[in-house]
Amino acid sequence: MSLLTTSVGSFPKPPYLTKARAQHSKDELPDEGLKALEERATREWIAFQERIGIDVLVDGEQYRGDMATYFAENLGGCEVSGLVRSYGNRYYKKPVVTGELVRAGPITVDWWSWAQGLTKRPLKGMLTGPYTMMDWSFNEHYPSREDLALAFAKVLHAEARDLQRAGARVIQIDEPALSARTDELDLVVKALGAVTVSIAILPFSVEGRDARAQVGLERLREACDSVIVVDAKTITHKCYGNYDTVFPYFNRLPVDQLDLEMSNSGLDLLERFQREPLKKEIAFGVIDVHNHVVESKDQVRRRIEQALEIFPPGQLYIDPDCGLKTRTVEEAEAKLRVMVEATRAVKESRGIR
C-alpha cells in the first residue's frame, strides 16, 4: 500500500478527562479512577481513527501530560520542577536531572500493548527523543550536555527495544528540539543513533563521513548491550524551525522516516527536496495544528498533489504537521477527516493502491 495516512502522536483530551486530571492532581480522584477515564478516551480516539480510515494509528497520549515530563516522572535520577513557559501561554513542568538516569522497567510498553489490542491496524510506539529530553531538562548531575543526551539515549534505547519485543512495528522518537542549537546537530545524530541502533530497518548511512565518524558509529553499535531483530520502522518528528540549516542533516538522521511540518512552512522545502533528494520515507504534514480554522478538502488535496510531484507514493505518508493536543476535540476530528478524505481523493484520481 502507498500514500498511507497517520498522525504525529497527541490528540486533545476530552473535557471529562481534563476535569479528571485536575481532580487527580488535588487528590480528589484516585489513580484507578483516572486510569479508567484515560482508557475510555484512548478507546474513543482509536475507534475514531478506525472509523475515518487512518492507516497507522496513535493512541493519542491521553495518559500523558507533557511529552518530556511524562518520561521524567518515570525515570530514576529525575525530578520535576514547577511550571516553565514553553511558548505563548503554554507551560510544562521541566525535568530536573539530579542523579544517574535509571529506568527501573518499561515506561510505555503496557499502555502500548493494551492500546494495540484495541485495533488490528499498526499502532505507533511513542518516545520523546534523547536530545529533546536533554535540552528541555535542568542538568544538575552530568558533566556536559552530550553526557546527559547519551544517558537519556541509553534508557530510551532500552524502552524502544522493549516496545519492539512487545510487537511494535513502528516506533517514533520525537525530536522537536532538533534545531534548537544548530551547533549541536552532530550530537542529535549521535544520540538518536544510540536509541535506534539495531532497531531501524534502513542501514545507518555513513556516506560522506570521515573515518572518525565511521568509528564513532561502530562504537555506538558496540555500546548497546544486545542486538535484536531488525523489523521495526523508526521515525523522528521535527517541529518547524530553521529547516534550511538542518536540511544537510536530514539524510544523516538514523531513522527510517522523517516527519516534517510542511504546511506550516508553506511547503518551502519541496524545491530543495527536488534538488537534494531525501533518501528516507517522509511523513508530510498537510494540516496546520496551530490554527483553529479547518482546512478545506481541496486545500489539503493540493498540498498532497504538490508532494507527489517530488516523492513517489510509496515514500510518502500523509499526516498533520504536529500533535493535535492544542486543538479542541471537534477541531481535531474535523481536521483529520479532511486529511483522510483528501488523501483518498488523490489516490482514487491517480489509481494509487
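Structure: see above.
Residues numbered from 1 in each chain as written. Predicted model: local features only at pLDDT ≥ 70, side-chain atom pairs only at ≥ 80, totals over all residues. Heavy atoms only, no water.

**Some points on the packing of aromatic side chains**
And then number 1: Summed over the entire model, instances satisfying the criterion amount to ten aromatic pairs.
And then number 2: Taking 5.1 Å as the distance between ring centres and 50° as the angle between the ring planes, the aromatic pair formed by F247 and F273 counts as tilted. Taken together, the residues span a long stretch of sequence, with F247 in the loop between α9 (243-246) and β8 (257-260) and F273 in helix α10 (residues 270-275) at a distance of 26 residues.
And then number 3: Exposure remark for F247: the relative accessible area of 5% places this residue in the buried category. (Phe/Tyr/Trp six-rings, centres within 6.5 Å; stacked < 30°, edge-to-face > 60°. Helix = DSSP H or I, 4+ residues; strand = E, 2+ residues; numbered from the N terminus. Buried < 20%, exposed > 50% of the residue type's maximum accessible area, 1.4 Å probe, protein only.)

**A short note on the environment of P312**
And then number 1: Residue position: P312 is located in the loop between α11 (297-308) and β10 (316-320).
And then number 2: When the C-alpha atoms of P312 and L3 are compared, they prove to be 8.7 Å apart, with 309 residues separating the residues in sequence.

**What to know about the sheet that holds β8**
And then number 1: Across the sheet, seven strands lie side by side as β1-β10-β9-β8-β7-β6-β4; this open sheet has parallel pairing. If you trace the sheet from one side to the other, it starts and ends with β1 (4-5) and β4 (125-128), each paired once.
And then number 2: The sheet contact formed by β1 and β10 spans two bridges and is parallel. Considered in β10, the bridge of T5 is made with I318. (Pairing = 2+ DSSP bridges.)

**Details of α11**
And then number 1: End to end, α11 covers 17 Å across twelve residues, agreeing with the expected 16 Å (1.5 Å per residue, within 8%).
And then number 2: For α11, every residue scored as buried is listed here: V300, R303, I304, E305, A307 and L308. (Expected span 1.5 Å × (residues − 1).)

**Observations regarding the packing of helix α2 (residues 31-52) against helix α4 (residues 109-116)**
And then number 1: Following both chains from N to C, one finds α2 and α4 inclined at 45°, their axes separated by 11 Å at the closest point. Relative to α4, the element α2 is oriented oblique. The chirality of how α2 crosses α4 is right-handed. Together, K35, E38, E39, T42, R43 and I46 of α2 and W111, W114 and A115 of α4 make up the contact between the two elements.
And then number 2: Along the lines of polarity and charge, the residues of the contact of α2 with α4 split into four nonpolar, one polar and four charged. (Axes fitted to C-alpha atoms, helices over the stretch in contact; angles between N-to-C directions. Parallel < 35°, antiparallel > 145°, perpendicular 65-115°, else oblique. Left-handed = near helix turned anticlockwise from the far one by under 90°. Contact = heavy atoms within 4.5 Å. Nonpolar A, V, L, I, M, F, W, Y, C, P; charged D, E, K, R; others polar.)

**Let's talk about unusual backbone geometry**
And then number 1: Even without being a glycine, L3 presents a positive backbone phi close to 55°.
And then number 2: Tracing the sequence through the fold places L3 in the segment before β1.
And then number 3: Residue L267 is not a glycine yet carries a positive backbone phi of 55°.
And then number 4: Within the secondary structure, L267 sits in the loop between β8 and α10.
And then number 5: The exposure class of L267 is buried, given its relative accessible area of 10%.

**Describing the side chain of Q172**
And then number 1: Checked against the element boundaries, Q172 lands in strand β6 (residues 170-174).
And then number 2: Owing to a relative accessible area of 0%, Q172 belongs among the buried residues under this scheme.
And then number 3: The residues touching Q172, leaving out its near neighbours within four places in the chain, are V8, K124, G125, M126, L127, I235, H237 and D259.

**Quick word on the pattern of salt bridges**
And then number 1: Counted under the stated rule, the structure contains 18 salt bridges.
And then number 2: Of the charged contacts in the structure, one is a salt bridge between R165 and D162, with a shortest N-O distance of 3.9 Å. One end of the pair is R165 and the other is D162, both in helix α6 (residues 145-166) and three residues apart, which spans about a single turn.
And then number 3: You can call D162 buried: its relative accessible area is 18%.
And then number 4: Across the pair R252 and D186 runs a salt bridge whose closest N-O atoms are separated by 3.3 Å. Taken together, the positions of R252 in the loop between α9 and β8 and D186 in helix α7 (residues 185-196) put the pair 66 residues apart, joining distant regions of the chain. (Salt bridge = Lys/Arg side-chain N within 4 Å of Asp/Glu carboxyl O.)

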